Amino acid sequence: MSVLVVGSVAFDSVETPFGAVDDVLGGSAVYFSHAARYFSPVRLVGVVGDDFPEEHVQRLKDMNVDTTGLVRMPGKTFRWKGRYDDSMDSRETVDVQLNVLGGFRPDVPESFRATPYIFLANSSPALQRHVLAQMHSPKLAVCDTMNIWLDNERDELVRLLREVDGLVINNAEAVQFTGETNLVAAGNEITAIGPRIVVVKKGSNGSLLFIDGVCHPLPAYPTTEVNDPTGAGDSFAGVMMGYLAAADDLSTQTIKRAVLFGTVMASFNIEDFSMRRYDTLTREEIDRRAEELIELARF
Ligand code: AMP
């Protein structure tokens, strides 16, 4: 089964204690696609400006990503700049230039509308709902969000949560959204709004998967090789969705494994800047690390 992602395509500038890069390939939809494609065919909807090199588009096509939904508009591509502190678990957004993303109202190509698995990467909940409304009854629709929408478009976000099957959110956002400092309470509160699946990501502390009234704690892969956490959340989501699309099964056990594989992909993503780690990463390495994590988490 295919998976559809609607999200940003970006030039990122990133500073961490271990290095810095300027105007490198980034964006939620790009990270998602790089990760998901190890598991299932990917369809991408996004926007770039006329400064976006064709070789980046070709790179996606070479990875079996269908870029029919990638629109080129006059103007500059979205740019994001972030800086990480020593803990690498929190970051500061230094600069955002929306550029062509600012006026983009995604139109899902007709040939994509029946895609059974869909991920609405971070964007305004109103736009995420606009996308969802174009889809023909997906089997699984999952969304991401971020701090600005939790305060500024809260009502719309609640409406979205009633329409989707899943949400991936980080711990700080879950606390901000619910006002609950206990993450188990926060996760339960969000599932009570509507989504069957809620994943609260805790960075290097792993994640909590809430499904059908049960909270499943999952560890992160223990690693010291952390150079750039950018895109970890999107690659996590990419594999979670790609795994589910490949399995075409939404049982609790399969969802738990999908989250475990997502965790593993996040651990690869953070080893290097931008998409560099994906240049050499093989499916065998992913499977080996997943087996290792399963073994580590067994009691
Ligand atoms: P993550 O680290 O998984 O949260 O994803 C980081 C990616 O999200 C970067 O490559 C950014 O280009 C992209 N990004 C950051 N802020 C935004 C935003 N406001 N809208 C869309 N994409 C964003």
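Refer to the structure printed above.
What counts as what
Residues numbered from 1 in each chain as written. Predicted model: local features only at pLDDT ≥ 70, side-chain atom pairs only at ≥ 80, totals over all residues. Heavy atoms only, no water. Disulfide = S-S within 2.5 Å. Phe/Tyr/Trp six-rings, centres within 6.5 Å; stacked < 30°, edge-to-face > 60°. Lys NZ or Arg CZ within 6 Å of the ring centre and 35° of its normal. Axes fitted to C-alpha atoms, helices over the stretch in contact; angles between N-to-C directions. Helix = DSSP H or I, 4+ residues; strand = E, 2+ residues; numbered from the N terminus. Left-handed = near helix turned anticlockwise from the far one by under 90°. Contact = heavy atoms within 4.5 Å. Nonpolar A, V, L, I, M, F, W, Y, C, P; charged D, E, K, R; others polar. Buried < 20%, exposed > 50% of the residue type's maximum accessible area, 1.4 Å probe, protein only. Polar contact = N/O pair within 3.5 Å; in protein donor to acceptor, adjacent residues only side chain to side chain. Near = heavy atom within 4 Å. Areas by Shrake-Rupley, 256 points an atom, 1.4 Å probe, with all protein chains shown as cover.

Draft legend 1. Region of the structure containing the state of the cysteines. Here the structure, examined in full by the defined rule, presents 0 disulfides. C143 carries a free sulfur, and the closest cysteine sulfur to it, the one in C215, is 19 Å from it.

Draft legend 2. Structural detail: the packing of aromatic side chains. Following the criterion strictly, the structure yields 5 aromatic pairs and no others. Within the aromatic cluster, the residues linked to one another by ring pairs are F39, Y243 and F261. Between R37 and the ring centre of Y38, over which it is positioned, the NZ or CZ distance is 4.3 Å. Looking at R289, its charged tip hangs above the ring of F268, at a distance of 3.8 Å from the centre.

Draft legend 3. Molecular detail of the packing of helix α9 (residues 252-269) against helix α10 (residues 283-297). Relative orientation of the contacting elements α9 and α10 amounts to 115°, with a least axis distance of 9 Å. For α9 against α10, the interelement crossing comes out right-handed. Residues R257, L260, F261, T263, V264, M265, S267 and F268 of α9 touch α10, and the partners they reach there are E285, I286, D287, R289, A290, E291, L293 and I294. Within the contact of α9 with α10, the residues separate by chemical class into 9 nonpolar, 2 polar and 5 charged.

Draft legend 4. Looking closely at the environment of S13. The topology assignment puts S13 in strand β2 (residues 10-16). On the basis of relative accessibility, which here comes to 9%, the residue S13 falls in the buried class. The spacing of S13 and Q128 is 115 residues in sequence and 26 Å in space, taken between C-alpha atoms. Beyond its immediate stretch of four places on either side in the chain, S13 contacts V21, D22, D23, W80, K81 and G82. Here the side chain of S13 touches D22 through a polar contact of 3.3 Å, side chain to side chain.

Draft legend 5. Structural view of the site of the ligand. The local shell around the ligand holds 17 residues, among which S8, D12, G27, G231 and D234 are the closest. One of the side-chain nitrogen or oxygen atoms of S8 is found 2.8 Å away from a nitrogen atom of the ligand. In isolation the ligand offers 500 Å² of accessible surface; the protein chains occlude 86% of this area. Mapped by element, the contributors of at least two residues to the shell around the ligand are β2, α1 (28-36), β6 (78-84) and α8 (232-247). A total of 3 residues in the shell around the ligand trace back to one element, the largest contributor, which is α8. Along the lines of polarity and charge, the residues of the shell around the ligand split into 6 nonpolar, 8 polar and 3 charged.

Draft legend 6. Representation of unusual backbone geometry in the model. Unlike most non-glycine residues, D23 shows phi in positive territory, near 50°. Mapped onto the elements, D23 comes out in strand β3 (residues 19-26). Despite not being glycine, N64 has its phi angle at roughly 70°, a positive value. One can find N64 in the loop between α2 (54-62) and β5 (65-72).

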